[in-house]
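# Summary of the model geometry
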Amino acid sequence: MTSSSRGNWGSKFGFILAASGSAVGLGNIWRFPYAAGENGGALFVLIYLVSILLIGLPILIAETALGRFSGKNPVGAIKAIKPKGPWKLLGYLGVLTGIMILSYYAMIAGWTVGYFFKAVTGKLKNITSANAENLYNSFTGDTLLQIALLTFFLLITIYVVSRGVSNGIERFAKVLMPGLLIILVILLVRSLTLPGAEKGLEFYLKPDFTKLNIKVIISAMGQAFFSLSLGMGCMITYGSYLRKKEHLPSATAWVVLFDTSIAIMAGLIIFPALLSQGMDPAAGEGIMFNVLPVLFAKIPGGMIFGPLFFLLLCIAALTSTVSLLEVATSYGIDEKKWSRKKSALIMGAVTLLVGIPSVLSYSEVAFFKKLPLLGISFFALMDKMWSELSLSIGALFLAIFVGYVWKTSNALKEITWEGAQKFRFAAIWSISVMFLGPILIIAILGMFVYNLFF
Ligand code: TRP
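Here the structure is a predicted model, which means the values were calculated and not measured. (Residues numbered from 1 in each chain as written. Predicted model: local features only at pLDDT ≥ 70, side-chain atom pairs only at ≥ 80, totals over all residues. Heavy atoms only, no water.)

Right, let's get into the site of the ligand. Not every one of the 17 residues close to the ligand is listed here, only the nearest: Ala23, Gly27, Tyr105, Phe226 and Ser229. At 3.3 Å from a nitrogen atom of the ligand is found a main-chain nitrogen or oxygen belonging to Ser22. Within the contact set of the ligand, an oxygen atom lies 3.4 Å away from a side-chain nitrogen or oxygen of Asn28. Here the ligand has 360 Å² of accessible area as a free molecule, and 100% of this is covered by the chains. Placement of the ligand is best described as lying within the largest cavity. Elements with a minimum of two residues in the shell around the ligand: helix 1 (11-23), helix 2 (26-38), helix 5 (88-120), helix 10 (214-227) and helix 14 (302-336). Looking at the shell around the ligand residue by residue, the classes come out as nine nonpolar, eight polar and no charged. (Near = heavy atom within 4 Å. Polar contact = N/O pair within 3.5 Å; in protein donor to acceptor, adjacent residues only side chain to side chain. Areas by Shrake-Rupley, 256 points an atom, 1.4 Å probe, with all protein chains shown as cover. 1 Å grid on protein atoms, 1.4 Å probe; cavity = no way out; pocket = protein on both sides within 12 Å on 5 of 7 lines; lining within 4 Å. Sits in = over half its atoms within 2 Å of the grid points. Helix = DSSP H or I, 4+ residues; strand = E, 2+ residues; numbered from the N terminus. Nonpolar A, V, L, I, M, F, W, Y, C, P; charged D, E, K, R; others polar.)

What follows covers the environment of Leu201. Topologically, Leu201 is positioned in helix 9 (residues 197-205). Taking the C-alpha atoms as reference points, Leu201 and Ile270, 69 residues apart in sequence, are found 9.8 Å from one another. Discounting residues that sit within four places of it in the chain, Leu201 has contacts with Leu192, Lys206, Leu268 and Pro272. (Contact = heavy atoms within 4.5 Å.)

Before going further, it helps to spend a moment on the nonpolar core. Within the largest apolar cluster, 159 residues are counted, with the highest numbers of intra-cluster contacts made by Leu187, Leu292, Phe309 and Trp429. Here this core takes 17 residues from helix 5, the largest share from any one element. Once you skip the residues sitting within four places of it in the chain, Trp429 turns out to touch Pro58, Ile61, Ala62, Val402, Thr408, Ala411, Leu412, Ile415 and Phe423. (Core = buried A, V, L, I, M, F, W, Y, C linked by side-chain atoms within 4.5 Å. Buried < 20%, exposed > 50% of the residue type's maximum accessible area, 1.4 Å probe, protein only.)

Another aspect to go through is the side chain of Thr237. Looking at the secondary structure, you find Thr237 in helix 11 (residues 234-239). If we skip the residues at most four places from it in the chain, Thr237 touches Lys72, Pro74, Glu326 and Val327.

It is worth spelling out empty space enclosed by the protein at this point. Scanning the model with the defined rule gives five cavities of 30 Å³ or more in all. Top element by residues in the lining of the largest cavity is helix 14. It accounts for three residues. For the lining of the largest cavity, the class distribution of residues is eight nonpolar, five polar and no charged. Quantified by volume, the second largest cavity comes out at close to 60 Å³. Contributing to the lining of the second largest cavity are Ala119, Gly122, Lys123, Leu124, Lys125, Pro293, Phe296, Ala297, Gly302, Met303, Gly306 and Pro307. (Points joined across faces, edges and corners; volume = space filled by probe spheres on them.)

Quick look at the structure:
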């Protein structure tokens, strides 16, 4: 997928489109509100925004530059700069993390497919919050249906990745994303005008600093990485979409702006609606599915917007699952010499197997519902481990790799196209990648581990 094959699309635009397709997804609309809700609301949002600016954007630029420079999968990109030694483990971690995240991300995408069908067949008509919760519980508890939906979503992802048609998908997404945005605006207006909406706004926008603790910080930072598709090599792959003459930092900044705005907007929709219905913002990963149907039921034309919304969200999720599977697939192609089809199938099949215990987290099987000792579900453990911890570790070593092994001076040559382009923030960027980012991540991870054991 070189930039030249993108035809008459401006390639900077092509990159922004592809990278936004990967970044914007369930992470913005499903995960961000649920993680914010579990972590006290506004304070989480504040730390999330600070993480994006101070750590996320600089490392995203670093990751994209590494990709544009090498034009390879994460393992290959690292080998291109440092053929020997343990650094390639970082690439393997990325491949593994991609599969792990995909395993439960595709499950949630399957829920979205399920809700699309519910919306189309009128099952969400006139729904109240109590009904919505029952519906959610019986839906997620239907193990066979869930495995079928997970398999279905993975099959579509495998199909797209194996055909190498992500180009087509991204173009498709270009038409559909504005649609998603329009529905979000409609939802926003309705949610903000509900009686009692101000309680939600307060929860979402007024930070309560007494709630500050390391769990909130690490979750917010993890969410920042998750939402930007950062820390597992996704952007290494997408960096090759970007032609040398295009301004890398501004292209990256657009992606960040776009991604962050959509997440912030999702919160502005979910929390007012949630709290005006007296629902619990800390209720976990189901909140989006519990509150949006109720909101659609209160909107004129909701019976049209509802199905349309879930359909668009499925497509937004697909452009993200494609990017998650693409990393593992391109690894299989480059390093194992498998064909694209074989690689996508093998990696997809592994993902399906890993995903089944997450599905069982909602079944009658007590073990997966509540893991012994940990007291959380298998799904919750996976989400914390891979979305928060593993991406943070990946981002940390990526920053160190670019800062000290590849060296920021070399990276800056790539970023500025050998000096032909200006990068006003070059100095701040270097400081971020070499010092600020790594120090902050180490401090946060360190405190987290300390808290875990002491
Ligand atoms: N960022 C996507 C979202 O918000 C999910 C995603 C796609 C992702 N690729 C990734 C997360 C790579 C972490 C790493 O929905």
